[in-house]
Amino acid sequence: MQMPIPFDPDTVRRFADGLDTLFVIEEKLPSIESLIKDALYHQTNRPQVIGKTDELGRPLLNYHGALDADGLLAPLRTVLSPRLAERLVPEQRKRQLIPLVSETERAPFFCSGCPHNRSTEAPEGSLIGAGIGCHTMTLLMDPDRVGDIAGLTCMGNEGSQWIGMSDFVNRDHLIQNLGDGTYFHSGQLAIQAAVASGVNITYKLLYNGTVAMTGGQDPQGQASVSEVTTSLLAHGVSRVLVTSDEPEKYGKVVPFPGDSQRRIGGISLPAGVDVWDRTRLIEAQEVLAATPGTTVLIHDQECAAELRRARKRGKVAPPNERVVINPRICEGCGDCGQVSNCLSVEPTDTPFGRKTMINQTTCNLDFSCLEGDCPSFMTVVPADAANASLAVPAAPESPEPTLIVDDNRFAMRITGIGGTGIVTVSQVIGTAAMFDGYDVRGLDQIGLSQKAGPVVSDVRLSRSGANHTNRLGEAQADLLLACDQLVAATERGRLVCSPDRTVAVGSLSPTPTGAQITSPELAAPTGAELVELLSTDTRADQQHWADAEVITTALFGDAVLANMFVVGMAVQAGALPITPRSLERAIELNGVAVEKNLAAFAWGRTQIADPSAVAAVVAERTSGPEALAQPDVSLALRNRIDALAEAGSDAHAELVRFAADLIGFQDEATASDYLDVVERVAAAEVELDSDRLTRAVAVHLHKLTAYKDEYEVARLMLSEEGLAEARSVANGGALSYRLHPPMLRALGMDSKISIGAWAAPGIRALATAKKLRGSKLDPFGRAEVRKLERELVDDYLEVIDTLLASLNANNHDHAVRIASLPDLVRGYEDLKVRRIGEYRAALATELAAFGR
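Residues numbered from 1 in each chain as written. Predicted model: local features only at pLDDT ≥ 70, side-chain atom pairs only at ≥ 80, totals over all residues. Heavy atoms only, no water.

Student: I keep staring at the pattern of salt bridges and nothing clicks. Help me out?
Tutor: Two side chains that carry opposite charge are able to pair once their charged atoms sit near each other. Under the counting rule described, the total for this entry stands at 41 salt bridges. With a closest N to O distance of 2.6 Å, aspartate 349 and arginine 354 form a salt bridge. A salt bridge links glutamate 588 to arginine 581, with the shortest nitrogen-to-oxygen separation between them at 3.6 Å. A relative accessible area of 37% means that glutamate 588 is categorised as partly exposed. For arginine 581, a relative accessible area of 44% corresponds to the partly exposed category. One salt-bridge network, held together by shared partners, links Arg328, Asp661, Glu712, Arg715 and Glu721. (Salt bridge = Lys/Arg side-chain N within 4 Å of Asp/Glu carboxyl O. Buried < 20%, exposed > 50% of the residue type's maximum accessible area, 1.4 Å probe, protein only.)

Student: What's the story with the nonpolar core in this structure? I'm lost.
Tutor: It is characteristic of soluble globular proteins that their nonpolar side chains tend to be buried jointly. Ranked by size, the top nonpolar core spans 48 residues in total, and within it Ile429, Leu479, Leu481, Leu576 and Leu583 carry the most contacts. Setting aside residues no more than four positions away along its own chain, leucine 479 makes contact with Phe410, Ala411, Met412, Arg413, Thr502, Val503, Val505, Ala570, Ala575 and Leu576. Core analysis: the second largest hydrophobic core is formed by 46 residues, Ala645, Phe658, Ala698 and Leu792 among them. (Core = buried A, V, L, I, M, F, W, Y, C linked by side-chain atoms within 4.5 Å. Contact = heavy atoms within 4.5 Å.)

Student: Would you mind showing me how to read unusual backbone geometry here?
Tutor: Excluding glycine, residues mostly have negative phi values, and the peptide bonds linking residues are mostly trans. Its identity as a non-glycine residue notwithstanding, alanine 475 has a phi of 60 degrees, on the positive side. Along the polypeptide, alanine 475 turns up in the loop between β18 (454-462) and β19 (479-482). Unusually for a residue other than glycine, aspartate 689 sits at a positive phi of about 55 degrees. With respect to the helices and strands, aspartate 689 occurs in the loop between α25 (668-685) and α26 (692-705). By relative accessible area, which is 74% here, aspartate 689 ends up exposed. (Helix = DSSP H or I, 4+ residues; strand = E, 2+ residues; numbered from the N terminus.)

Student: Before we go on, may I ask you to explain the sheet that holds β19 in this structure?
Tutor: Two modes of strand pairing occur in sheets, parallel and antiparallel, and in both the strands are linked by backbone hydrogen bonds. Ordered in space as β17-β18-β16-β19-β20-β21, the six strands form an open sheet in which the pairing is mixed. Only two strands of the sheet have a single neighbouring strand rather than two, namely β17 (439-444) and β21 (543-546). This sheet shows a mean twist of 10 degrees between the axes of neighbouring strands, independent of strand direction. Examined bridge by bridge, β17 and β18 share six bridges and lie antiparallel to one another. (Pairing = 2+ DSSP bridges. Axes fitted to C-alpha atoms, helices over the stretch in contact; angles between N-to-C directions.)

Student: Help me out: how do you make sense of the packing of aromatic side chains in this one?
Tutor: We describe a pair of aromatic rings using the distance from one ring centre to the other and the angle between the two ring planes. Going through the model one piece at a time under the given rule, you end up with six aromatic pairs. Where phenylalanine 184 meets tyrosine 207, the ring centres are 6.3 Å apart and the plane angle is 80 degrees; that geometry is what we call edge-to-face. Of the two residues, phenylalanine 184 is situated in helix α7 (residues 180-197) and tyrosine 207 in strand β6 (residues 201-207); the sequence distance between them amounts to 23 residues. Overall, the relative accessible area of 11% leaves phenylalanine 184 in the buried class. Look at tyrosine 207 and you get buried, because its relative accessible area is 10%. Between tyrosine 711 and phenylalanine 780, the aromatic rings sit 5.4 Å apart at their centres with planes inclined by 65 degrees, giving edge-to-face as the arrangement. A residue pair is termed long-range when its members are at least 10 positions apart, and tyrosine 711 in helix α27 (residues 710-717) and phenylalanine 780 in the loop between α30 (760-768) and α31 (784-805) qualify at 69 residues. In this pair, the class of tyrosine 711 matches that of phenylalanine 780, namely buried. (Phe/Tyr/Trp six-rings, centres within 6.5 Å; stacked < 30°, edge-to-face > 60°.)

Student: Looking at this structure, I do not really get the sheet that holds strand β22 (residues 734-739). What am I missing?
Tutor: Strand order across the open sheet formed by four strands is β12-β15-β22-β23, with antiparallel pairing between neighbours. The open sheet terminates on both sides in strands that have one partner only, identified here as β12 (322-325) and β23 (753-756). Strand-to-strand, the axes of this sheet are offset by a mean angle of 35 degrees, without reference to chain direction. Examined bridge by bridge, strand β15 (residues 377-381) and β22 share four bridges and lie antiparallel to one another. Bridging across to β22, valine 380 finds its partner in leucine 735. Contacting β12, β15 and β22, helix α28 (residues 720-730) crosses the sheet at an angle of about 20 degrees to β15.

Student: When you look at the side chain of arginine 278 in this model, what are you seeing that I'm missing?
Tutor: For arginine 278, the position within the fold is in the loop between β10 (274-277) and α9 (281-289). The exposure class of arginine 278 is buried, given its relative accessible area of 8%. Within the local environment of arginine 278, its side chain forms a polar contact with the side chain of aspartate 366, the two groups lying 2.9 Å apart. In contact with arginine 278, other than residues within four places in its own chain, are Arg118, Thr243, Ser244, Asp245, His299, Gln301, Asp366 and Ser368. (Polar contact = N/O pair within 3.5 Å; in protein donor to acceptor, adjacent residues only side chain to side chain.)

Student: Is there a simple way to think about the environment of proline 822 in this case?
Tutor: Inspection of the secondary structure puts proline 822 in the loop between α32 (812-819) and α33 (829-849). By relative accessible area, proline 822 is classed as buried at 0%. Separated by 546 residues in the primary sequence, proline 822 and tryptophan 276 place their C-alpha atoms 40 Å from one another.

Student: Would you mind showing me how to read the packing of helix α1 (residues 9-16) against helix α2 (residues 31-40) here?
Tutor: In a packed pair of helices, the relevant descriptors are the angle between the two axes and the axis-to-axis distance. Viewed as axis vectors pointing N to C, α1 and α2 meet at an angle of 75 degrees, and their least axial separation amounts to 9 Å. Classified by the angle between their axes, α1 and α2 sit roughly perpendicular to one another. Together, Pro9, Val12, Arg13 and Ala16 of α1 and Ile36, Ala39 and Leu40 of α2 make up the contact between the two elements. (Parallel < 35°, antiparallel > 145°, perpendicular 65-115°, else oblique.)

Student: Help me out: how do you make sense of a negative patch on the surface in this one?
Tutor: Together, Glu124, Asp142, Asp144 and Asp148 line one region of the surface with negative charge. Position of glutamate 124 among the secondary structure elements: in the loop between α4 (116-119) and β3 (127-130). (Patch = residues over 30% accessible without salt bridge, like charges linked within 9 Å, V, L, I, M, F, W, Y side chains within 5 Å. Areas by Shrake-Rupley, 256 points an atom, 1.4 Å probe, with all protein chains shown as cover. Lys, Arg positive; Asp, Glu negative; His and termini not counted. Charge placed at Lys NZ, Arg CZ, Asp CG, Glu CD.)

Student: Can you help me understand the packing of α32 against α33 in this one?
Tutor: For the pair α32 and α33, the least separation of the axes is 10 Å and the interaxial angle reads 165 degrees. Here α33 runs roughly antiparallel to α32, going by the angle between their axes. The crossing of α32 and α33 is left-handed. From α32, His814, Arg817 and Ile818 reach across to α33, where they touch Leu843, Glu846, Leu847 and Ala849. Looking at the contact of α32 with α33, its residues break down into four nonpolar, one polar and two charged. (Left-handed = near helix turned anticlockwise from the far one by under 90°. Nonpolar A, V, L, I, M, F, W, Y, C, P; charged D, E, K, R; others polar.)

Student: Hey, could you run me through a nonpolar patch on the surface in this one?
Tutor: Taken together, the side chains of Ile25, Leu76 and Leu80 make up a nonpolar region of the molecular surface, amounting to roughly 200 Å² of accessible area. Turning to its location among the elements, leucine 80 is positioned in helix α3 (residues 69-84). On the basis of relative accessible area, leucine 80 is assigned to the partly exposed category, the value being 30%.

Student: Can you walk me through helix α19 (residues 562-572) in this structure?
Tutor: An α-helix turns once every 3.6 residues. As a result, residues three or four positions apart point the same way. The buried count for α19 comes to 11 of 11 residues, which makes it a mostly enclosed element. Of the residues making up α19, those classed as buried are Ala562, Asn563, Met564, Phe565, Val566, Val567, Gly568, Met569, Ala570, Val571 and Gln572. After α19 finishes, the residue glycine 574 shows a positive phi value of roughly 80 degrees.

Written out as structure tokens, the structure reads:
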């Protein structure tokens, strides 16, 4: 029965009269089950009531999560088998899904430029209380960054747990995260309780001006920072500090008699409330932790998602600068990701290994990545032409699609990344289906601000009566629309698929996860690997994949239209039974970037109807005005490389590239010495019928030899390959280098300086001075890191000798692993020194085990 609202005990008694058993199915706690038991307790002939457990107390239904049809099959069979065993369908063999083996499965993460990227950072060893809001995602993040989380409270109880537990633990302070929406709702009462209790606690009030977790609403009862600080002090808070990305809006600090300072102009604050730049956030927490009683740190920075919306709507002018990374200087160390925690700081593969890039489409112009200790960063001020939208090319006319799915009853699952418009895609498809006369049922996964996390949406269409459920069960999908492959390849994507029924249409574009931002060495499965995995659960004869982000970036200048491009593919493939005109009407009704979305939809159809036409336009729009010159070496070196590797092979191109780079780094003799070593390794590996060790040595000996000192950085700053992206983004505008020279650092300068293109002659002169490298006249050569870099080359040559002395088939894999260890050596200055220590420790361990 379906219970009436409100609950009516008499109805329950009438329904239960004459029954032997009542099976109550409800999600989470057994509320209805308990009420039914109470209603029937005094009945003489009452039935057995079961639900969360059976009559013997054995578990039947979960207390957590949602209940779906698949999850109810086993409990129903358990209850019904003793009564209807011969009438039940034989139990089906449970399908075993091959797990996605990956350390990079998606989890929710802060938006690019989100203030929580910085504000949730905590001093080392801090005890942290989590709270309700987007910042709850700290529970999923690295404790080294966000502190040791001591629990999660209900909304408005933030910090109250410390009142009870502080007397029973050996810690004397807690930092409690508290969102501004929660503060205005009820959290301020928790602060008052903490003040009254006298505990030592710091509330970190994350003031971003919106309730972003549930869609960007204004906090009810919102007050200004000035009003909040006044209220907090009035309630007895010991000290209040404000950190901000715009401290200047609080006025100018000026000296005042008596060795004091005051702020003049700007937003007024009560006396004693200091305003610090966000770069001092850790210091601010340490200062407040040392202050007895209840203290509050207000981090004032606008929500990145709302700021992006305001910029799109013309309400806020965007900064005129863009950040670009020179891939030739970049070490791929992840320091900029550690500092900024920003999703737009993405790992990328280049001919010189794993590097880092700024995703210009998703970047919210927060600029905190510039604080990374690295000379590869540049800022550019694009010319007006660069800011103008690309002319949208018209897609060729595509023929009417031929359906390959049932258009009477249809079900699809959309998989994607939170914050990229998956719910919008679902709503547009649902609206278009209604135009075509379908009854539409949908279910969108939302909540916890699923930004960067896995998101799925289900859509059911029917022409023969309403569907009874909007949720897809096992093997029920006619279409898997994979806007993100990584999410599609997890169980939530593949469980609904059937190799006899489900068509796969999707994007091959790899999007790094939050874990990869701070740990760029983590590698996700490749697109080809994911296609192979998904093809085991979907129709092998209906696989439609394209690199949607690359294509839409080439066509429209950014990748935000990739999802609509994939929808166009699905329609043209006949896998989505909605007429193209209805989808176009739905796009128009949605009213957002209509022309571009219509064009993306049309080009997606073309990708299926005429993929060569798409490829031709993409090639035309991605080819620069001048192709970068291919690296070259002298005839003598080339002959030696030809002997090492077959001309035209990847190994051959790699050796030419590395040799040419070493000539640029120092001279031809350096490149020749490099080839001497590679030739020795190749000769030793011939008998093993492999070139894996040779290639590992080729890559990592080059890496250690061409270390990035001042001369090399200067050379790469002016290299055409390194400047290519910056020039593309600038489109004729101004370029500036962001540097923190070690010599100036030693003199006390604690931040980077900006150097414009006017400095090119001086940079070129420094690059030319490479002849001094390692000599007595080298002004930079006596630095600790430079000495270590030179030592590493000699040490590596000794390691190679050790490996070759006893190389055989049994230890070959181990030798390759040891030869690849220099990949650990990444970064600049102090970070590089630390990584060298880690490399040497790992090397000692591996060498001790080699040959055993």
